[in-house]
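Each chain, letter by letter, is given below.
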Amino acid sequence: MIDANIPVCQHWETRDAELALSAADAPSMTQNRTVATEDENDGVRINGFIARTSIKANRAASPNLTGYTMLSLYIPRAALRSSVAPRQFAAASTAVRYASTKTLQQTLAEVVPEKREQLAKLKAEHAESNLGEVKVSHLLGGMRGLKIMLWEGSVLDAEKGITFHGKSIPQCQKELPNADSIGNKGTEMLPESMLWLILTGKVPTPEEVKGLSQDLVSRAKLPEYLEKIIDSFPKTLHPMTQFSSAVAALNHDSKFADAYNRGVKKTEYWQPTLEDSLDLIAKLPSIAARIYYNVYGKGDGKQAIDPSRDLIENFSHQLGYGDKEGLTDYLRLYVAVHGDHEGGNVSAHTAHLVGSALSDPYLAYAAALNGLAGPLHGLANQEVLNWSLELQKHVGDNPSDQQITDYLWSTLKSGRVVPGYGHAVLRQPDPRFTALSGYCNTRPELQASPIVKLVQRLSQLAPVVLKEHGKTKNPYPNVDAGSGCVLYTYGLDEFKFYTVLFGVARAYGALPQLVYDRALGLPIERPKSMSMDALFELLK
Ligand SMILES: CC(C)(COP(=O)(O)OP(=O)(O)OC[C@H]1O[C@@H](n2cnc3c(N)ncnc32)[C@H](O)[C@@H]1OP(=O)(O)O)[C@@H](O)C(=O)NCCC(=O)NCCS
C-alpha cells in the first residue's frame with residue numbers, strides 16, 4: 001500500500017484501453033495496491049495494480065469488467081533529487097513498500113522453519129521405519145517404485161496423477177490466480193502462481209502473484225556475455241544443447257557460488273539458492289527466445305522485455321507470437337502443468353542429484369536439461385508431432401478409425417513405440433494431457449485444426465491398440481501426446497525447439513526443490529551400486 005497522501009490519480013497511467021482514470025478515482029487508487037519500483041536511467045517507475053471494479057469510471061461505464069489492472073507512475077529523477085520536489089513525488093520515493101502482501105521470499109522465510117521442524121520430527125519418529133523391500137528387480141529395472149527421494153513440490157499417484165501440495169491440476173486451474181486477475185488478458189493459471197504454490201505450499205493472492213511476476217520480469221534481461229555465447233553457437237547445434245550450455249554459462253553470476261565461497265552459514269544456503277533460482281526462471285524464456293531467433297530467424301532479435309507484461313506474455317512476444325492471445329494463454333498453461341512431476345523423473349532427479357554436491361542452480365539445471373533432451377523423456381514431444389504428421393500424411397485429413405488403427409499397428413509391428421503413450425509411473429490418462437486437450441476445446445481455431453482433431457482421436461484409439469498389444473503398462477496418453485499440436489497450429493512448427501519449451505517449464509519444479517534441499521540441509525546423494533558378480537556373491 002502506498003501513503004495515502006501521495007500521487008493523485010492524474011499522475012498514474014494505464015495501458016488498459018477499457019479504462020479511463022478520472023480525478024474521482026484518486027482515493028481508491030491509493031488503497032489496496034501492490035507496488036514495485038524500477039530504476040530507469042532518468043527516473044523511477046512505480047508499477048502497481050488495482051481491482052478494476054474499484055475504479056469509479058469503470059463501474060459506471062463497463063460494470064462487467066473485473067480483475068485487476070496495471071497502473072504506472074513515472075517520477076523523473078530530477079523530482080526525486082530536488083529538495084523542493086512536489087509533495088507526491090517526494091513521498092512516493094520513500095513510502096513505497098509491500099505492506100498488504102508478502103513477497104515470495106518473506107512467505108518462504110515463514111515456511112522454512114515449519115519444514116525444518118517437520119524434518120526433525122520425521123527423523124526422530126520414523127528414521128528406522130521401513131518403506132518397502134529393495135529387490136534385484138528394482139536394481140535392474142531403473143528403480144521403479146522405490147521410495148528413495150524427498151520431494152516437496154508435488155506427489156505423483158499412479159491412478160490420480162500429479163498433485164501440487166495436495167491440489168490436482170483442475171483444482172489449480174480453479175484456484176490459482178490467472179492473467180486476468182492481475183490485469184492482463186488470459187484465463188489460464190499463471191506459471192508464477194504455480195511457482196508460488198510449489199515453493200510455499202500456499203495459494204498466492206493476485207497481488208502477491210503480480211509482485212512476483214514483476215520481480216521475475218525485472219530479472220529477465222540476459223547479460224551481454226551470455227548473449228555473445230549464445231550468438232556464437234552454430235545454427236546446426238541442437239537447440240537443447242544450446243539451451244543447457246547457455247544455462248551452465250550463467251553460473252558465472254551465481255549468488256549461491258559466491259555466498260559459498262564467502263563462507264556463508266549452511267542454514268542460509270537456501271537464500272542465495274532461491275535468488276539464483278528466480279534469476280534463472282526469469283532468464284530461461286529470454287535464453288530460449290534468443291536461441292529461437294538465431295536458429296529459425298523468428299521473433300524479436302533483442303528479446304525486449306515490457307515490465308507491464310507477465311513473464312509468459314513477454315516470452316510470447318519475444319518468440320514473435322505476441323499477437324496470438326490463444327498461444328500466449330496456452331503457454332501459460334503449458335508451463336504451469338509441465339513445471340513439476342515429482343522428483344524421480346530424469347530431469348528433476350538430475351537437478352537434485354547434481355545440486356546435492358552443492359553445485360549451484362545453474363550447473364544443476366543445465367544437467368537436468370541434458371536429461372530432458374533424451375527421447376524417452378522431454379524429446380518425446382518432438383517425436384510425437386513428427387509421428388502424428390507422418391500419420392496425417394499417410395491417412396489424410398478425414399481418416400476412418402480403421403485407417404488410424406492400422407497405422408498404429410504398423411508402428412508397433414515395425415518395433416517402434418507409439419510416442420506420447422505410456423508412462424513409467426502413471427496408470428491412467430495423464431491429467432496434464434487432459435488439461436492441454438481441454439484447452440483446445442475452448443478455442444475455435446484449435447477445434448478447427450486438423451492436427452488437433454487427429455491427436456484427440458488418437459487419444460481414444462491408441463489405448464485400444466496398446467491394450468491389445470499388451471506390452472505397455474499404461475496404454476493412455478501422456479503429456480507429450482497433446483502439447484505439440486497446439487504449438488503447431490499457431491505456427492510454432494519447429495519441432496526441435498519443443499523440448500526447449502519443456503525446459504523453460506521444468507525449472508518451476510526442479511529449482512524450488514533445490515531451495516528445499518538447501519533449507520533442509522539434505523546430504524549429498526550417494527546410493528550403493530553392485531556389480532553382477534557382487535550380487536551373485538551376496539545372494540548365495
Ligand atoms: C514413457 C516410457 C519411456 C515408460 O517406459 P516404461 O516405464 O519402461 O514403460 P512400461 O513399463 O510400460 O514398458 C513395458 C514395455 O512396453 C513398451 N512400451 C511402453 N510404452 C510403449 C508405447 N508407447 N508404445 C509401444 N510400446 C511401449 C516398452 O518399450 C516395454 O517394452 P520392452 O519390455 O520390450 O522393453 C514408455 O512408455 C515410452 O517409451 N513411451 C513412448 C515415449 C514417450 O511418450 N515418452 C514420454 C514420457 S512422458
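Model, not experiment: these values are computed from the prediction. All chains use their own residue numbering, which begins from 1 and follows the written sequence. Restriction of local features to residues with pLDDT of at least 70 applies here, the model being predicted, together with a cutoff of 80 or more for giving and counting side-chain atom pairs; totals for whole chains, interfaces and linings are based on all residues.

1. Some points on the overall build of the protein chain
And step 1. Only DSSP runs of H or I covering at least 4 residues are called helices, and only runs of E covering at least 2 are called strands; the numbering of each starts at the N terminus. The helix and strand tally for the protein chain stands at 25 helices and seven strands.
And step 2. Here the analysis covers contacts within the protein chain between residues at least 6 apart in sequence; of these, 74% occur between residues at least 24 apart. Remark: residues whose backbone-derived C-beta atoms lie within 7 Å of one another are considered to be in contact.

2. A closer look at the site of the ligand
And step 1. Neighbouring the ligand are 18 residues, the closest being Ala380, Val417, Gly422, Thr472 and Lys473.
And step 2. Residues of the shell around the ligand, tallied by class, amount to nine nonpolar, six polar and three charged. Whether a residue is near a molecule or strand depends on its C-beta atom, placed from the backbone, lying within 6 Å of it. All amino acids are sorted into three groups, where Ala, Val, Leu, Ile, Met, Phe, Trp, Tyr, Cys and Pro are nonpolar, Asp, Glu, Lys and Arg are charged, and the leftover types, Gly among them, are polar.

3. With respect to the packing of helix α5 (residues 104-126) against helix α8 (residues 191-200)
And step 1. Axis geometry follows a simple rule: fit a line to the C-alpha atoms, using only the stretch in contact for helices, then measure angles between N-to-C directions, giving values from 0 to 180 degrees. Contact geometry of α5 with α8 gives a least axis separation of 10 Å together with a crossing angle of 20 degrees. Taken as axis vectors, α5 and α8 run roughly parallel relative to one another. The two elements α5 and α8 meet at a crossing, and its hand is right-handed. Together, Leu104, Thr107, Leu108 and Val111 of α5 and Trp196, Leu199 and Thr200 of α8 make up the contact between the two elements.
And step 2. Of the residues in the contact of α5 with α8, the class split is five nonpolar, two polar and no charged. Oblique is the label for any angle not under 35 degrees, not over 145, and not in the 65 to 115 range, which are roughly parallel, roughly antiparallel and roughly perpendicular in turn. Whether a crossing is left-handed or right-handed is set by the direction in which the near helix is turned from the far one by less than a right angle, anticlockwise for left-handed and clockwise for right-handed.

4. A word on the sheet that holds strand β6 (residues 161-164)
And step 1. Any two strands between which DSSP finds at least two bridges are classified as paired. Taking strand neighbours across the sheet as the criterion, the three strands line up as β5-β6-β7 in an open arrangement whose pairing is antiparallel. Each of the sheet's edge strands pairs with one partner strand only, and the pair in question is β5 (154-157) and β7 (167-168).
And step 2. Where β6 and β7 come together, two bridges link them in antiparallel fashion. Looking at the pairing, phenylalanine 164 lines up with lysine 167 of β7.

5. Re the environment of histidine 165
And step 1. When you line up the elements, histidine 165 lands in the loop between β6 and β7.
And step 2. Linking histidine 165 and leucine 199, residues 34 residues apart in sequence, is a C-alpha distance of 9.5 Å.
And step 3. The contacts of histidine 165, once residues within four sequence positions are left out, are Leu197 and Gly201.

6. What about helix α11 (residues 239-249)?
And step 1. Three exposure classes are used. Buried residues have 20 or more other C-beta atoms within 10 Å of their own C-beta, exposed residues have 12 or fewer, and partly exposed residues fall in between, all C-beta atoms being placed from the backbone. With eight of eleven residues buried, α11 is to be regarded as a mostly interior element.
And step 2. If you check which residues of α11 are buried, you get Pro239, Met240, Gln242, Phe243, Ser244, Ala246, Val247 and Ala248.
And step 3. Lining the buried residues of α11 we find α10 (224-232), α13 (270-296), α17 (361-372) and α24 (498-519).

7. A short note on unusual backbone geometry
And step 1. Here the phi dihedral of methionine 143 falls at roughly 60 degrees; this positive angle occurs in a residue that is not glycine.
And step 2. The backbone of histidine 165 sits at a positive phi, close to 45 degrees, despite the residue not being glycine.

8. Quick look at the packing of helix α18 (residues 380-395) against helix α23 (residues 480-489)
And step 1. Look at α18 against α23: their axes get within 8 Å of each other, and the N-to-C directions meet at 70 degrees. Relative to α23, the element α18 is oriented roughly perpendicular. Like other packed secondary-structure pairs, α18 and α23 cross with a definite hand, here right-handed. Two secondary-structure elements touch here, α18 through Ala380, Asn381, Val384, Leu385 and Ser388 and α23 through Asp480, Ala481, Ser483, Gly484, Cys485 and Tyr488.

9. What about the pairing of β5?
In summary, the side chains of a regular strand alternate between the two faces of the sheet.
And step 1. Sheet topology note: the β5/β6 ladder contains four bridges and is antiparallel. Considered in β6, the bridge of valine 155 is made with threonine 163.
And step 2. Where β5 hands over to β6, the hairpin turn is made up of three residues, counted between the paired strands.

10. Notes on the environment of glycine 166
And step 1. Assignment of secondary structure puts glycine 166 in the loop between β6 and β7.
And step 2. By C-beta crowding, glycine 166 is classed as exposed, having 9 other C-beta atoms within 10 Å.
And step 3. For the pair glycine 166 and valine 155, spaced eleven residues apart in sequence, the C-alpha separation works out to 7.9 Å.

11. Considerations on α13
And step 1. Working rule for helices: expected span equals 1.5 Å times residues minus one. Under the 1.5 Å per step criterion, the end-to-end length of α13 is 38 Å for 27 residues, consistent within 8% with the ideal 39 Å.
And step 2. Along its length, α13 shows its largest kink, about 35 degrees, at lysine 283, and proline proline 285 lies within four residues downstream of that point.
And step 3. Across the 27 residues of α13, 23 count as buried, placing the element largely inside the fold. The term bend refers to the angle at a residue between two fitted axes, each drawn through seven residues, those ending there and those starting there.

12. Section: the confidence of the model for the protein chain
And step 1. A residue's pLDDT is simply how confident the predictor is in it, with values from 0 to 100. When the pLDDT values of the protein chain are averaged, the result is 88; 81% of them are 70 or greater.
And step 2. Confidence drops under a pLDDT of 50 for residues 1-10, and excluding neighbours within four residues, the segment shows 31 contacts in the predicted structure.

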